[in-house]
Amino acid sequence: MRCILSDCVDSATFARLALALAREGADMLLCHPAPDGGGMPPGWTASDATSPARPCCLVGFDVAGEISPPPDGDLTDLHAFCFGDGTQQVRIASDVPRLAFGWLSYGWGMALHGIASAKPAESGYGVLRRYHCLLRWYPHGGDLEAEVSATGQRRLPMLRRLLDALRTEERAHTLTETLTEEHREAGTAMRQEKQGAPRAAATGKGSGGDGGDNPYGDVRNHGEGRGLSGAPRDGTAPDDDLALALDELVPSLDATTYPDGVRQVLAAIRRGDTYQLNLTSRFTARRPGMDAAAVLLRLWQHRPAPFAAYLHAGRHRILSLSPERFLRVRGGEVLAQPIKGTRSFDPATTSPGERVRLETALRADPKEHAELSMVVDLLRNDISATCAYDSVRVPRHCATFAVGPLIQMCSDVTGTLRDGTTCLDLLRHAFPGGSVTGCPKPRTMSLIERIEPHPRDVYCGSLVAVAGPRDMDSSIAIRTALYDTTTGLLHLYAGSGLTVDSDPEGEYRETVDKTSAFRKETA
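Each value, and the rule that gives it
Residues numbered from 1 in each chain as written. Predicted model: local features only at pLDDT ≥ 70, side-chain atom pairs only at ≥ 80, totals over all residues. Heavy atoms only, no water. Salt bridge = Lys/Arg side-chain N within 4 Å of Asp/Glu carboxyl O. Helix = DSSP H or I, 4+ residues; strand = E, 2+ residues; numbered from the N terminus. Buried < 20%, exposed > 50% of the residue type's maximum accessible area, 1.4 Å probe, protein only. 1 Å grid on protein atoms, 1.4 Å probe; cavity = no way out; pocket = protein on both sides within 12 Å on 5 of 7 lines; lining within 4 Å. Points joined across faces, edges and corners; volume = space filled by probe spheres on them. Nonpolar A, V, L, I, M, F, W, Y, C, P; charged D, E, K, R; others polar. Pairing = 2+ DSSP bridges. Contact = heavy atoms within 4.5 Å. Core = buried A, V, L, I, M, F, W, Y, C linked by side-chain atoms within 4.5 Å.

Visitor: Explanation requested: the pattern of salt bridges in the structure shown.
Guide: Pairing between side chains of opposite charge can happen when the charged atoms of each approach one another. The full count for this structure, using the stated rule, is 31 salt bridges. With its nearest N and O atoms 2.9 Å apart, the salt bridge here joins D473 to R325. Taken together, the residues D473 in strand β18 (residues 471–476) and R325 in strand β11 (residues 325–330) connect sequence positions 148 residues apart. Neither residue differs from the other here; D473 and R325 are each classed as buried. In this structure, the salt-bridge partner of D412 is R396, at a minimum N-O distance of 3.2 Å. Taken together, the residues span a long stretch of sequence, with D412 in strand β15 (residues 406–416) and R396 in strand β14 (residues 393–403) at a distance of 16 residues. Owing to a relative accessible area of 12%, D412 belongs among the buried residues under this scheme. The class of R396 is partly exposed, set by a relative accessible area of 34%.

Visitor: Would you mind showing me how to read empty space enclosed by the protein here?
Guide: Under the counting rule described, the total for this entry stands at five cavities of 30 Å³ or more. Its boundaries defined by the atoms lining it, the largest cavity holds a volume of some 220 Å³. Taken together, 23 residues make up the lining of the largest cavity; nearest its centre are N278, K340, I478, G495 and K514. Of all elements in the fold, only β13 (339–344), α9 (366–384), β20 (489–498) and α12 (504–513) reach the threshold of two or more residues within the lining of the largest cavity. Ranked by the residues each element gives to the lining of the largest cavity, the list is headed by β20, at five residues. Counted as a void, the second largest cavity has a volume near 140 Å³. Lining the second largest cavity are 14 residues; nearest its centre among them are V403, P405, L406, R479 and A517. Classifying every residue of the lining of the second largest cavity by side-chain character gives eight nonpolar, two polar and four charged.

Visitor: Got a minute to help me understand unusual backbone geometry in this structure?
Guide: Leave glycine aside and you will find that most residues have negative phi; peptide bonds, for their part, are mostly trans. Omega for the peptide link from F431 to P432 comes to -10°, which places this bond in the cis form. With an omega of -10°, the peptide bond running from C439 to P440 counts as cis.

Visitor: What exactly am I supposed to notice about the pairing of strand β8 (residues 276–286) here?
Guide: Within a regular strand, side chains alternate between the sheet's two faces. Judged by how many residues are buried, β8 sits mostly within the fold: 10 of 11 residues are covered. Alignment of strand β7 (residues 250–251) against β8, held across two bridges, turns out to be antiparallel. Looking at β8, one finds that V250 is bridged to T284. Here β8 runs beside strand β16 (residues 438–439); their pairing, made up of two bridges, is antiparallel. Looking at β16, one finds that L277 is bridged to G438.

Visitor: Sorry, what's going on with the environment of D471 here?
Guide: Mapped onto the fold, D471 is located in strand β18. Relative accessible area serves as the criterion here: at 9%, D471 is assigned to the buried category. With 425 residues separating them in the primary sequence, D471 and A46 have C-alpha atoms 7.8 Å apart. Discounting residues that sit within four places of it in the chain, D471 has contacts with S47, D48, A49, V329, R330, G331, C423 and V466.

Visitor: It is not clear to me how the nonpolar core should be interpreted in this structure. Could you clarify?
Guide: As a rule of thumb, soluble globular proteins bury nonpolar side chains together. Counting 147 residues, the largest nonpolar core has F14 and L327 as its most contacted members. L327 has contacts with V334, L335, A336, I383, L426, L427, A430, M472, D473 and S474, leaving out every residue within four places of it along the chain.

This is the structure in structure tokens:
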């Protein structure tokens, strides 16, 4: 395995490249497209400790092998698959790129904790894959690298042709923009001249026309339009793919039944059965023929999150815009970043002073502060099972950042893996993340199974990239949708953390707010 393709592209070109590959079966993990992360926590840093810790986007295609996690938690085959040459059933050539990525469902977490469910899950326990071709794109600098096996080398000519075609398309778009601007300036100058105003000098060459008619013809309709495979040239989705109104969504727990569920949880808290629980709802819409890859890439460009993903799961497609890191391990150093606490705001109209006031109020809210503190304590306990004695710390608590129209509160929990343990051992002991279950974890998961009418599937599980025995990054699969390409059903999920101070109606409103990225992109 070696890097045998190196290039430099901007985010729009990368998005179109990723779209073309995703439509042919590629999987993607996408960090924030802005070099500085847009003020959010750094996204995917899926490399081993010998490489710089640079957030990057991953595109994997030509699957060399895949494996599902075992319900009994025996990691023998997962270790062989991720860190060696595969298992007896799935052999992996030695030159295949080492990095594996995929998803683990919430259902696998239930199996690990011995919690049975009669609800039919659609995505299974999850899948990790290794690929003959692995692309990495780094927003800071725009570097594009390809790692391929000997088998994957046959795809390199296709990749180069695709990049050349995208650059030709970009040059055509740039010319279109230039000509359109020249025409606009020329038309303005002529109108000013007719009105007796001094004529402004037009920039560039070829300006002209008669009173504003385009002397070049309808260049925008030809030079811009749709790009590869009929997609818009910026790699985005048709507007009607995302125009989801609330009345189109059928919730599993609606404005009446969700607050009723909250009251059941409050009763359980008062009985001492739990002291914090994350209650979710599933919102379903019918979207036959939806271009799921284009939808995700449009959202990634216009409503980015640090841990976005697009993954194939049989006939289903996983679309994730998660803001939350679950566990990162780099050279054996562990970082967990749980999120709890939300405030809605309008980024277009909220002044910096008002945003500071909202952040301060969020940090000072007793309910939100207690909720995050309980999850931090749970995570400290979870990672301590595989971390060295006295290495677990909380260096940052109740920090805030914004993801689109939501202000979030998070903390850092750190530790050092014990000698002889791997990142997969850590993942197995801490899974699923405490921020999407509650405390205490097994008892609370049993309550969730009884109150929620829907299976969570991949939602509240994790998306994972494994680079080595002591190197991994993973997200909590929130702000995540599951699309069925056969039935055309799109499932959106959202939840809210409940404590004894929770307001039932207010918690339901929070779940609706959290679906906004998928609902309102083109509304």
